[in-house]
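Listed below, chain by chain, are the residues.
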Amino acid sequence: MAIDIIESGYSESVGIEHRKKFAQFFTPVAIADIMVDWLLGCESLTSVLEPAFGLGVFSRILLSKAENVNVLGYDTDPVIYEYYHNKVSDGGVDFLLDDYINCDWNMKFDGIICNPPYFKFHDYDNKKYITAIRENLGFRLRMHTNLYAVFLLKSISQLAAGGRCAYIIPSEFLNSDYGVQVKKYLLESGTLRHIIVFNFKENVFDDATTTSAIILCANDKQSHSVGFTKINTSAEIGKINRLIDSYPSMENADSVLTVDNIDPSVKWKNYYSSFETPKLKHLVPFGTYAKVMRGIATGANEYFSFNLSKARQLGIDCRHFKPCICHSSDVSGILFSDSDYSDALNADKDVMIFNPLDLNDAHVVEYIRFGEDTDINKRFLTSKRNPWYGMENRMPAPIWVGVFNRSGLKFVRNETNTLNLTTFHCIYVQENLFGVDADLLFTYLISNCAKNLFSASAREYGNGLSKFEPNDLNKANMVDLGILDESCKKRLRELYYANKHNADPFFIKKVDDILFSAFG
Ligand SMILES: C[S@@+](CC[C@H](N)C(=O)[O-])C[C@H]1O[C@@H](n2cnc3c(N)ncnc32)[C@H](O)[C@@H]1O
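Keep in mind that what you see is a predicted model, and the values were worked out from it rather than measured. All residue numbers refer to positions counted from 1 along the written sequence of the respective chain. At least 70 in pLDDT is required for a residue's local features to be given in this predicted model, at least 80 for side-chain atom pairs to be given and counted, and no such filter applies to totals for whole chains, interfaces and linings, which use all residues. Computation of side-chain values: all heavy atoms of the structure, hydrogens and water removed.

Undergrad: When you look at the overall build of the protein in this model, what are you seeing that I'm missing?
TA: Going along the chain from the N terminus, every DSSP run of H or I of four or more residues is numbered as a helix, and every run of E of two or more is numbered as a strand. When helices and strands are counted, the protein shows 19 helices and 20 strands. Summarising its shape, the C-alpha atoms of the protein cover approximately 85 × 60 × 45 Å along the three principal directions. Only protein chains enter the calculation, and the probe is 1.4 Å; a residue is then buried if its accessible area is under 20% of its type maximum, exposed if over 50%, and partly exposed in between. The buried share of the protein, reckoned over its 520 residues, is 54%. Between two residues, a contact is recorded if the distance between any of their heavy atoms is within 4.5 Å. For the protein, long-range pairs separated by at least 24 residues make up 74% of all intrachain contacts whose partners lie at least 6 apart in sequence. About 23300 Å² of surface is accessible on the protein, with carbon and sulfur atoms providing 49% of the total. Note on charges: Lys and Arg go in the positive column, Asp and Glu in the negative column, and His and the chain ends are not counted at all. By convention, the charge on Lys lies at NZ, on Arg at CZ, on Asp at CG and on Glu at CD. Once the 54 positive and 64 negative side-chain charges of the protein are each reduced to a mean point, those two points are 5 Å apart. Accessible surface is estimated by sampling points in the Shrake-Rupley manner with a 1.4 Å probe; for residues, cover comes only from the protein chains shown.

Undergrad: Help me out: how do you make sense of the sheet that holds strand E12 (residues 305–306) in this one?
TA: Strand pairing in a sheet is mediated by backbone hydrogen bonds. Such pairs are either parallel or antiparallel. Two strands are counted as paired when DSSP detects at least two bridges linking them. In spatial order, the strands read E12-E15-E13-E18; together these four strands make up an open sheet with mixed pairing. Of all strands in the sheet, those bounded by a partner on one side alone are E12 and strand E18 (419–420). For strand E13 (residues 321–325) and strand E15 (residues 352–354), the ladder comprises three bridges, and the chain directions are antiparallel. Its bridge partner being in E15, lysine 322 is matched across the sheet by isoleucine 353.

Undergrad: How should I be thinking about the site of the ligand in this particular structure?
TA: Taken together, 25 residues lie near the ligand, and Thr27, Ala52, Asp75, Asp99 and Tyr100 sit nearest. N or O atoms closer than or at 3.5 Å make up a polar contact, with two conditions inside protein: a donor-capable atom paired with an acceptor-capable one, and, for residues adjacent in sequence, both atoms drawn from side chains. A distance of 3.0 Å is found between a nitrogen atom of the ligand and a side-chain nitrogen or oxygen belonging to aspartate 99. Asparagine 115 has a polar side-chain atom sitting 3.4 Å from an oxygen atom of the ligand. Every element with two or more residues in the shell around the ligand is listed here: helix H4 (57–65) and strand E2 (70–75). Each residue is tested against the molecule or strand, and it is near if at least one of its non-hydrogen atoms lies within 4 Å.

Undergrad: Honestly, the packing of aromatic side chains in this entry has me stumped. Any pointers?
TA: How two aromatic rings sit relative to each other is set out by the distance from centre to centre and by the angle between their planes. Each aromatic pair joins two rings of Phe, Tyr and Trp (for Trp, the six-membered one) with centres within 6.5 Å, and gets the label stacked for planes under 30 degrees apart, edge-to-face for over 60, and tilted for any other angle. The final tally for this structure, using the stated rule, is 36 aromatic pairs. Judged by centre distance (6.0 Å) and plane angle (85°), the ring pair of phenylalanine 228 and tryptophan 268 falls under edge-to-face. Of the two residues, phenylalanine 228 sits in strand E8 (residues 225–231) while tryptophan 268 sits in the loop between strand E9 (255–258) and helix H10 (269–272), which places them 40 residues apart along the sequence. With respect to class, phenylalanine 228 is no different from tryptophan 268; both count as buried. Ring centres of tyrosine 367 and phenylalanine 370 lie 5.8 Å apart, and the angle between their planes is 25°; on these two criteria the pair is classed as stacked. In this pair, tyrosine 367 and phenylalanine 370 are both assigned in helix H14 (residues 362–373), three residues apart and thus about one turn of the helix distant. On the accessibility criterion, tyrosine 367 (6% relative accessible area) is buried. Feature note: the residues Tyr303, Phe304, Phe306, Phe321, Phe354, Tyr367, Phe370, Trp388 and Tyr389 constitute an aromatic cluster, connected by ring pairs.

Undergrad: Looking at this structure, I do not really get the nonpolar core. What am I missing?
TA: One broad rule of soluble globular proteins: the nonpolar side chains tend to lie buried together. In this description, a nonpolar core means a group of buried Ala, Val, Leu, Ile, Met, Phe, Trp, Tyr and Cys residues linked to one another through side-chain atoms lying within 4.5 Å. In terms of nonpolar packing, the biggest core is built from 53 residues, with Tyr167, Phe173, Leu192, Ile195, Ile215, Phe228 and Trp268 touching the most fellow members. The biggest single contributor to this core is helix H7 (residues 147–157), with eight residues. One finds Phe286, Val436, Leu453 and Phe519 within the second-largest nonpolar core, a separate group that totals 44 residues.

Undergrad: Is there a simple way to think about the pairing of E2 in this case?
TA: As a general feature of sheets, a regular strand has side chains that alternate between the two faces. For E2, the tally of buried residues reaches five of six residues, placing the bulk of the element in the interior. When strand E1 (residues 47–50) meets E2, the two strands line up parallel, connected through four bridges. Bridge assignment links serine 47 to a residue of E2, and that residue is asparagine 70. Running through H4, the crossover from E1 to the neighbouring parallel element E2 is right-handed. Orient the strands so they point away from the viewer, and a crossover whose first-strand-to-second-strand path over the helix runs clockwise is right-handed. You can see the chain leave E2, run along helix H5 (residues 78–88) and come back into strand E3 (residues 93–97), and the turn it takes is right-handed.

Undergrad: Looking at this model, I keep getting lost on the packing of helix H3 (residues 29–40) against helix H9 (residues 238–246). Mind explaining?
TA: When two helices pack together, their arrangement is given by the angle between the helix axes and the distance between those axes. The interhelical angle for the contact between H3 and H9, taken along N-to-C directions, is 5°, at an axis separation of 10 Å. In terms of orientation, H3 and H9 fall into the roughly parallel class. Residues Ile34, Asp37 and Trp38 of H3 lie in contact with H9, whose contacting residues are Ile240, Asn241 and Ile244. When its residues are assigned to classes, the contact of H3 with H9 shows four nonpolar, one polar and one charged. All axes are obtained by fitting lines to C-alpha atoms, using only the stretch in contact for helices, and the reported angles, taken between N-to-C directions, cover 0 to 180 degrees. Here roughly perpendicular refers to angles of 65 to 115 degrees, roughly parallel to angles under 35, roughly antiparallel to angles over 145, and oblique to all remaining angles. Each residue receives one of three labels: charged for Asp, Glu, Lys and Arg, nonpolar for Ala, Val, Leu, Ile, Met, Phe, Trp, Tyr, Cys and Pro, and polar for the others, Gly being one of them.

Written out as structure tokens, the structure is:
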């Protein structure tokens with residue numbers, strides 16, 4: 001990926017030996033730009049720190065996008081310091097020739113953005129820096145900790161309330177011994193939000209051989225979860241924009257875990273590593289065990305969908321509504337239970353649709369007349385129904401699947417009698433064919449085994465993973481669950497019952513192990 005002309009001019013002028021001595025591998029512009037966007041999500045971004053300044057690529061982009069921001073930068077290399085002041089400096093930045101770790105630990109910043117130096121323990125004064133961590137943060141890092149981790153820890157401790165931090169560092173600490181203390185601190189700080197691992201064949205930094213990760217932190221109270229996302233090709237970088245745009249929602253991450261379910265002592269590869277599909281046998285069309293149909297199309301969602309306030313305001317009695325999910329964003333998690341429905345209803349979400357039972361109620365008649373006065377009855381779909389305000393007669397679906405999914409299909413087990421609009425497709429299970437009921441089918445659907453078979457089908461249709469029509473799913477392959485022996489079916493159900501409130505990667509891995517040993 002390309003670095004800016006300023007950094008390439010400098011690189012040519014000083015040569016690689018000098019750059020290696022100071023670990024000067026510059027951040028590609030496309031990556032720096034995205035990291036800056038994370039900082040810009042901080043509502044009161046005024047003070048920004050760039051701890052390993054170099055030629056200030058982050059600050060240059062930041063200052064081109066934001067006003068009233070003051071940047072403080074540090075670097076230890078007098079050559080790059082001179083070069084910056086002679087050829088680059090354009091105001092708005094206070095750049096100090098100093099060692100970041102030695103400088104004030106108490107100063108707080110609204111934004112901290114960094115591509116720190118990567119130095120193995122024998123290439124820097126590790127004793128001095130590890131002592132600094134012990135004195136300031138109160139714990140002992142392993143002696144062979146890489147310098148980039150020391151930078152990251154100090155920066156997290158300097159985040160002001162509401163502040164944001166973006167780091168690009170090697171992914172090594174996620175899976176190494178010295179990383180355990182670092183991960184523990186990240187979790188305990190309550191600021192870790194996203195880990196984005198580059199799983200590229202090519203490297204992010206053209207001239208450094210390391211796999212990189214972007215760490216996004218926020219010192220807010222908006223989330224207790226961490227999103228893990230892999231970027232497999234440079235074409236997938238847009239995924240990071242979507243993570244940032246949708247924050248505090250984590251819906252666009254590949255996997256999401258609550259902080260309580262993340263263990264700093266295990267390799268975090270477990271949470272993000274890719275799942276290679278072995279060749280699977282005994283495949284049948286998905287339509288063998290289930291039928292996928294689109295959700296209810298009202299033809300005028302703004303008229304038919306209701307929340308409690310709207311119903312109360314119009315004086316329409318509750319019996320004239322059916323429970324119904326109108327927006328997929330009102331469903332989080334893999335399970336939708338009666339208490340989830342009550343919570344959504346009480347939070348005044350649109351979770352009812354108008355379904356007038358009789359016309360003796362003056363308020364109902366009045367609302368129908370309002371529909372006619374405003375031509376709702378003349379819309380494309382309503383004009384074809386008789387009466388125009390009558391709803392499609394649908395059974396609640398036991399499984400929903402999200403219609404638009406940039407990060408794969410999202411399945412939800414609906415344990416309620418709630419209907420759904422077209423925001424979800426409905427999955428109706430064929431009545432217990434060979435013992436495959438809704439729970440067993442759902443357990444299969446959230447596995448990587450199912451995900452990979454669906455995406456293989458999507459590629460066949462050439463429509464990517466972005467939008468599945470019901471028939472794409474009906475025709476896609478699935479493993480023939482019915483031929484699983486009874487003990488496997490029982491084990492899958494047990495796993496689902498024990499984990500249905502939280503589909504963490506370990507549960508899904510156990511489901512995959514069973515499926516791959518039966519069908520692999
Ligand atoms: C990987 S480069 C990043 C430069 C620039 N921020 C970018 O992203 O392109 C790391 C920079 O940190 C500087 N550096 C090395 N040790 C440092 C220290 N202890 N304190 C501050 N800066 C340091 C290096 O001179 C180098 O310019």
